[in-house]
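Overview (structure and organization)
One-letter residues, chain by chain:
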Amino acid sequence: MEHTGRCAYEHVFDAADETGADESPSVWRCPHPASDGTDRCLFHRPVEETRPAVVTEALREAVEDDARPSAFIGGAFERIDLAGATPASDASLDFRGAMVKSDIDLRDATLDGALRLDRVSVGGAVCMQRLDAPEAVSCRHLQVGDRWVLCEARFDARFDATGFSAETVVATAARFEGGATFRKGVVDDDVSVAEAYFGGPAWFSHTRLDGRLDLGSATCDHRLSLAHCRVRGDVVAAAATVDDGLSLEHLTVDGGVDATRLTVDGGIDATTAAFGGRVDCTGLTARGGTVDFTHSAFDGPVYFDNATVEGRALRFRSARFESGPASFVRATVDGGLDLSDVVCSAESPVRLVEAAVEESVICDHARFGDELFCSGVRVARDVDLSDCTVGTLTFGVEIGGRLDFAYAHVTDAAAFGDTVVHGPARFTSARFDADPTLTEATLDDTVAAYDISVERAGGS
């Protein structure tokens, strides 16, 4: 190779480009020598003018030579092959703004310095399998035409992929010790972080996935956010663990949600979320905070069977249930259960069986289009069904406080068998379109029953 001086390439960072908003100068000048009588180095010459094998050899020599800079900003590569590489220094490996025609291969590499792939465009795949990166890795606005593989990689500092795009992301069993940001991404197919570990916050907010999101058995020591995400496939969070709150607000999932055996400390915020398929939270354990689905929409069945909510409340205020049951079999709620203003279609019965609520159950102004079935339920404080509408009511509840059924309307049968109310009961202006069954109910305190309306067969 003939060296004729320094490469003439200069990279000008846009003032609005976040990748230049650090210690980097606004204009970067290539430090590598020009090649073959040109004014450009091998890394800044057009790909068609170089041989890939020669560029790869020169790249490895530069990266593994402590005396040579490892910055290739704005470079042009047929491919970047640093599989198994171990740079001699802790200098940053910097490819910001580079164009890669085919693949980037960093499998089994060990990097002592930071890795920068901001605004890199890759026509093929990016492989970081088993990459060991103790310093920060920045992939902001990275564009990957094929798969992005991070399986079993280890990132000791913060991993930032804000604004990325890829066909598929596979990060199974990866370790993000400093947490990870995959915000504002676009993925044409699936994302899998199953069995991954996040030692810091994990942000997937505002990301669009046309496939499936798999968080199964993932561990998050801090907050996990899927806020404002759009997922056209399913979301799997089975057996995942989140230690500092789960953000699902404005999440839209066209498919189903498998959150069986999910464990969350710090509450779940799923306000205004929308779910197109089955939502299965069987065996959920939520500690601290509130599990909040206020204004959420469920187009399929919902299961909170055997769920344990040790926080302040399990809340579905103003939620919509369109198809299939909303089931709370053997659920335990240390706080209150709030179903006020919910709207359930004629295909969505609500079932509380052998459930226990340590505070109150609030269902005022709710619309249960099919059945509200309660059997073997214990409520430590009050139950408020005032102003609600129910198709068929089966009410077997032991209530430690009061029962408020004022202005409620039951359009079919109403049975209060096995009901025990230790506080006052109010049925003022309640309306029953068939004779209610109260013979097995026990009312220990005062009963207000003014203006009850019962429509019997053949008239009132």
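Figured I'd write up the structure that's included with this text. (Residues numbered from 1 in each chain as written. Predicted model: local features only at pLDDT ≥ 70, side-chain atom pairs only at ≥ 80, totals over all residues. Heavy atoms only, no water.)

Bringing the packing of aromatic side chains into the picture now. Here the structure, examined in full by the defined rule, presents 34 aromatic pairs. Aromatic side chains Phe-293 and Phe-316 sit 5.3 Å apart centroid to centroid with 10° between the ring planes, which places their arrangement in the stacked category. Of this pair, Phe-293 sits in the loop between β40 (290-292) and β41 (297-298) while Phe-316 is found in the loop between β44 (313-315) and β45 (320-321), placing the two residues 23 residues apart along the sequence. Here Phe-405 and Phe-416 contribute two aromatic rings whose centre-to-centre distance is 5.6 Å and whose plane-to-plane angle is 80°, an arrangement assigned as edge-to-face. (Phe/Tyr/Trp six-rings, centres within 6.5 Å; stacked < 30°, edge-to-face > 60°. Helix = DSSP H or I, 4+ residues; strand = E, 2+ residues; numbered from the N terminus.)

For the rest of this paragraph, the subject is the side chain of Thr-50. Note on placement: Thr-50 falls in the loop between β2 (27-29) and α1 (52-64). The class for Thr-50 is buried, based on a relative accessible area of 15%. Excluding anything up to four places from it in sequence, Thr-50 contacts Leu-42, Arg-45 and Val-55. (Buried < 20%, exposed > 50% of the residue type's maximum accessible area, 1.4 Å probe, protein only. Contact = heavy atoms within 4.5 Å.)

Take a negative patch on the surface next. A cluster of like negative charges, contributed by Glu-57, Glu-61, Asp-65, Asp-66, Asp-90, Asp-112 and Glu-135, occupies part of the molecular surface. Tracing the sequence through the fold places Asp-66 in the loop between α1 and β3 (76-77). (Patch = residues over 30% accessible without salt bridge, like charges linked within 9 Å, V, L, I, M, F, W, Y side chains within 5 Å. Areas by Shrake-Rupley, 256 points an atom, 1.4 Å probe, with all protein chains shown as cover. Salt bridge = Lys/Arg side-chain N within 4 Å of Asp/Glu carboxyl O. Lys, Arg positive; Asp, Glu negative; His and termini not counted. Charge placed at Lys NZ, Arg CZ, Asp CG, Glu CD.)

On inspection of all chains with the given rule, the structure shows 28 salt bridges. Its salt-bridge partner being Arg-278, residue Asp-280 comes within 3.4 Å of it at the nearest N-O pair. Of the residues examined, Arg-278 reaches a relative accessible area of 43% and is grouped as partly exposed. Several salt bridges converge on common partners, so that one network encompasses Arg-60, Glu-64, Arg-79 and Asp-81.

Now for α1. A rise of 1.5 Å per residue sets the reference length of α1, with its 13 residues, at 18 Å; its end C-alpha atoms lie 18 Å apart and thus fit the reference within 8%. Listed as buried for α1 are Val-55, Thr-56, Ala-58, Leu-59, Ala-62 and Val-63. End-on view of α1: buried residues confined to an arc of 165°, all on one side of the axis. Tucked inside the fold, the buried residues of α1 contact β3, β4 (80-81) and β5 (93-94). (Expected span 1.5 Å × (residues − 1). Arc of directions from axis to C-beta.)

A separate point is unusual backbone geometry. At His-206, a residue that is not glycine, the phi angle is positive and equals roughly 60°. You can see His-206 is positioned in the loop between β24 (202-203) and β25 (208-209). A positive phi angle, near 60°, is found at Ala-239, a position not held by glycine. Position of Ala-239 relative to the elements: it lies in the loop between β30 (235-236) and β31 (241-242). Here Ala-239 falls in the partly exposed class, since its relative accessible area comes to 29%.

Glancing now at the state of the cysteines. Scanning all chains against the criterion turns up 0 disulfides. Note on Cys-127: no disulfide assigned, nearest cysteine sulfur contributed by Cys-151 at a separation of 7.9 Å. When its relative accessible area of 14% is taken as the criterion, Cys-151 is described as buried. (Disulfide = S-S within 2.5 Å.)

With that settled, consider the pairing of strand β50 (residues 350-353). With 4 bridges connecting them, strand β46 (residues 326-329) and β50 associate as parallel partners. Bridge pairing links Phe-328 to Leu-352 in β50. As paired elements, β50 and strand β53 (residues 367-379) share 4 bridges and run parallel to each other. Across the sheet, residue Val-350 finds its bridge partner in β53, namely Leu-372. (Pairing = 2+ DSSP bridges.)

This next bit is on the side chain of His-409. Along the chain, His-409 falls in strand β57 (residues 409-410). Take His-409: its relative accessible area is 17%, and that puts it in the buried class. Not counting residues within four places of it along the chain, the set of residues in contact with His-409 comprises Cys-388, Thr-389, Val-390, Arg-431 and Asp-433.

To continue, consider the nonpolar core. Note that soluble globular proteins tend to have their nonpolar side chains buried in a common cluster. Counting residues in each nonpolar core, the largest one holds 139 residues, and the members touching the most others are Phe-95, Met-128, Trp-148, Phe-159 and Phe-316. Elements with a minimum of two residues in this core: α1, β46, β50, β53 and β55 (389-399). Those residues within four positions of Phe-159 in sequence are excluded, and the remaining contacts are Val-137, Cys-139, Trp-148, Leu-150, Phe-176, Gly-179, Ala-180, Thr-181 and Phe-182. (Core = buried A, V, L, I, M, F, W, Y, C linked by side-chain atoms within 4.5 Å.)

Relative to the elements of secondary structure, Cys-220 occurs in strand β27 (residues 219-220). Assessed through its relative accessible area of 2%, Cys-220 is described here as buried. Residues Cys-220 and Ala-34, 186 residues apart in the sequence, show an inter-C-alpha distance of 47 Å. With residues up to four places along the chain from it excluded, the contact list for Cys-220 reads Phe-198, Thr-241, Val-242 and Asp-243.

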